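Structural description and commentary
Residues per chain, in single letters:
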Amino acid sequence: MDKKVTVIGAGNVGATAAQRLAEKQLCDVVLVDIVEGVPQGKALDLNEAAPVEKHDCHLTGSNSYDETTGSDIVIITAGIPRKPGMSRDDLISTNAGIVKSVTKEVAARSPEAILIIVSNPLDAMCHVAFDASGFPKERVLGMAGVLDSARFRTFISMELDVSVENTHAFVLGGHGDTMVPLPRYSTVAGIPITELMAQDRIDALVERTRNGGAEIVGLLKTGSAYYAPASAAVEMAESILKDKKKILPCAAYLQGEYGQQDLFIGVPVKLGAKGIEQIIEITLTDEEKQALQKSADAVQELKDLLKTLG
Ligand code: APR
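These numbers come from a predicted model, not from an experiment.

1. Section: the packing of aromatic side chains
Per the stated rule, a full pass over the model turns up four aromatic pairs. Their ring planes at 35° and their centres at 4.6 Å tell us that Y226 and Y227 sit as a pair that is tilted. Arranged with centres 5.3 Å apart and planes meeting at 50°, the rings of Y253 and F264 form a pair that is tilted. Of this pair, Y253 sits in strand β12 (residues 246-255) while F264 sits in strand β13 (residues 261-272), and the two are eleven residues apart along the sequence. This pair shows no difference in class: Y253 is buried, exactly as F264 is. Aromatic ring contacts, followed pair by pair, group F130, Y253 and F264 into a single cluster. The cationic tip of R139 hangs over the ring face of F135; the distance from NZ or CZ to the ring centre is 4.6 Å.

2. Overview of the site of the ligand
Within the structure, the ligand sits among 19 residues, and N12, V13, D33, T77 and N120 are positioned closest to it. Residue D33 places a side-chain N or O atom 2.6 Å away from an oxygen atom belonging to the ligand. One nitrogen or oxygen atom from the main chain of I80 is found 3.2 Å from an oxygen atom belonging to the ligand. Contact with the protein chains hides 85% of the accessible area of the ligand, taken as 720 Å² for the molecule alone. Where the shell around the ligand is concerned, the elements lending two or more residues are α1 (12-23) and α3 (92-109). With three residues, α3 is the single largest residue contributor to the shell around the ligand. Its residues assigned to classes, the shell around the ligand shows ten nonpolar, eight polar and one charged.

3. Here we look at the pairing of strand β2 (residues 28-32)
Burial analysis of β2 places four of its five residues in the buried class, which makes it a mostly covered element. Two elements, strand β1 (residues 4-8) and β2, share five bridges in a ladder whose sense is parallel. Looking at the pairing, V5 lines up with V29 of β2. This β-α-β element, β1 to α1 to β2, shows right-handed connectivity.

4. Thoughts on the pairing of strand β5 (residues 114-117)
Taking every second residue as pointing to the same face, both faces of β5 are buried, with I114 and I116 on one and L115 and I117 on the other. Where strand β4 (residues 73-76) meets β5, four bridges bridge the pair, whose relative direction is parallel. Bridge pairing in β5 places I76 opposite I117. Between the parallel pair β4 and β5, the chain is carried across by α3, and the sense of this crossover is right-handed. Across three bridges, β5 lies against strand β6 (residues 140-142) in parallel orientation. Considered in β6, the bridge of I117 is made with G142. What joins β5 to β6 is helix α4 (residues 122-133), and the crossover it makes is right-handed.

5. A closer look at the sheet that holds strand β7 (residues 167-168)
Overall, antiparallel pairing links the three strands, which are arranged β7-β10-β11 in an open sheet. Looking at the sheet topology across the chains shown, the edges are occupied by β7 and β11 (191-192). Of the strand pairs in this sheet, β7 and strand β10 (residues 187-188) are connected by two bridges, and their pairing is antiparallel. Its bridge partner being in β10, H168 is matched across the sheet by T187.

6. A short note on α3
The end-to-end C-alpha distance of α3 is 26 Å, a good match for the 26 Å that 18 residues give at a rise of 1.5 Å each. All buried positions along α3 are accounted for by I92, N95, A96, V99, V102, T103, V106 and A107. Looking straight down α3, one finds its buried side chains confined to an arc of 150°; they lie on one side. Along its buried surface, α3 packs onto β1, β4, β5, α4 and α9 (286-309).

7. Overview of the domain arrangement of the chain
Taken domain by domain, the chain consists of domain 1 (4-142) and domain 2 (145-309). The distance between the C-alpha centroids of domain 1 and domain 2 comes to 21 Å. In this assembly, 41 residues from domain 1 lie in contact with 47 residues from domain 2. Taken together, the two surfaces of domain 1 and domain 2 that pack against each other cover about 3,600 Å², and 73% of this comes from carbon and sulfur. Per-residue buried area on domain 1 facing domain 2 is highest for R88, D123 and H127; these three make up 18% of the total on that side. Between E238 and K24 there is a salt bridge whose closest N-O contact spans 4.0 Å. The interface formed by domain 1 and domain 2 holds eight residue pairs in polar contact (both at pLDDT 80 or more) in total.

Rules behind the numbers
- Per chain, residue numbering runs from 1 following the sequence as it is written.
- Side-chain atom pairs in this predicted model are given and counted only at pLDDT of 80 or more, local residue features only at pLDDT of at least 70, and totals for whole chains, interfaces and linings cover all residues.
- With hydrogens and water excluded, all non-hydrogen atoms of the structure serve as input to the side-chain values.
- For Phe, Tyr and Trp, rings pair up if their centres lie within 6.5 Å, where Trp contributes its six-membered ring, and each pair is then called stacked (planes under 30 degrees apart), edge-to-face (over 60) or tilted (otherwise).
- Counting from the N terminus, the helices are the DSSP runs of H or I reaching at least four residues and the strands are the DSSP runs of E reaching at least two.
- Each residue gets one of three labels from its accessible area relative to the maximum for its type: buried under 20%, exposed over 50%, partly exposed in between, using a 1.4 Å probe on protein chains only.
- For a lysine, the NZ atom is tested; for an arginine, the CZ atom; a charge sits over a ring if that atom is within 6 Å of the ring centre and within 35 degrees of the ring normal.
- Any residue with a heavy atom positioned within 4 Å of a molecule or strand is treated as near that molecule or strand.
- Polar contact is the term for a pair of N or O atoms within 3.5 Å; when the atoms are in protein, one must be able to donate a hydrogen and the other to accept it, and sequence-neighboring residues count only if both atoms are side-chain atoms.
- In these tables, accessible area is a Shrake-Rupley quantity obtained with a 1.4 Å probe, and a residue counts as shielded only by the protein chains included in the view.
- Each residue receives one of three labels: charged for Asp, Glu, Lys and Arg, nonpolar for Ala, Val, Leu, Ile, Met, Phe, Trp, Tyr, Cys and Pro, and polar for the others, Gly being one of them.
- For two strands to be treated as a pair, DSSP must find at least two bridges joining them.
- Throughout, right-handed denotes a crossover for which the path from the first strand over the helix to the second runs clockwise when the strands point away from the viewer.
- Given a helix with a known number of residues, its expected span is that number minus one, times 1.5 Å.
- Think of the arc as the fan of directions from the helix axis to the C-beta atoms.
- Contact between two residues is taken to exist if any of their heavy atoms lie within 4.5 Å; hydrogens are not considered.
- Throughout, the edges of the domains are those of an automatic or database domain assignment.
- As used here, buried area is the combined drop in accessible area, with a 1.4 Å probe, of two parts when they are placed together.
- By definition, a salt bridge exists where a carboxyl oxygen of Asp or Glu is found within 4 Å of a side-chain nitrogen of Lys or Arg.

Given below as structure tokens:
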């Protein structure tokens, strides 16, 4: 394979992302974790699935970073997931330290890589990786909007009994309770859901989307969602690796767009070989603008908290 993607963290999200990258035949994969044997074991297991799955992507597992040298993309999933009763924000001090140290390691060896951050609290961890890498803003982005939109799409398809393939949804803002699902921009076969559903049903789906992560944590009890988060990260990686220029909601560093300054928050971006190739500004109603501002304020609070953590 001529493309190389490193996945940091060989836990639930990381290993599932590695599996999807290989099974979609996108790239060779280097899986890194601090726990001895785990990345090696999972990489070997996935290599042994390759003859049956019919792909020639090679997976390498490691506890060090030399094998990551020259990666095109680095997906960072290292950190702790939340347990029942925890918010994503409760993870901040532990995960900030982890994301900072792993970012420095990968940035030194893959100075041209594009970083996709998955560790939570997502928007704050993007700030940590942005600062630790020194990379330009086009090459640091966060996975959240694709996941939140996929959850919204799932609920829309269940509600209307239509194919998920007909659904499209936009969820903007921070990856937390204040995220901003946008029903006006969410469609089924191009028809806005505002024309297909009563307002109370839309409100219920929006609420379920906002709590989508917590719903899974409540069921699993020992950790958080990973199949859909891995799928979302891999969709972003695929758009970059194949220079598809898909427009996807991702956490991006804003400098004036949507009225936000020096803040990572979820907005629609064009994802291609160069990373974020464009930030797309869509028109929002006053109510949507207020919701986005509330979400931005919540991210800003975490960004300020990071400063006190050092
Ligand atoms: N370097 C490398 N790997 C690390 C480090 C580190 N410094 N610290 C922790 N890890 C590894 C752990 O050993 C573990 O294998 O990160 C992995 C995390 O995996 P899980 O505990 O299974 O968590 P997961 O469900 O994959 O979630 C990872 O993504 O969605 C977010 O909120 C979630 O922040 C969490 C992250």
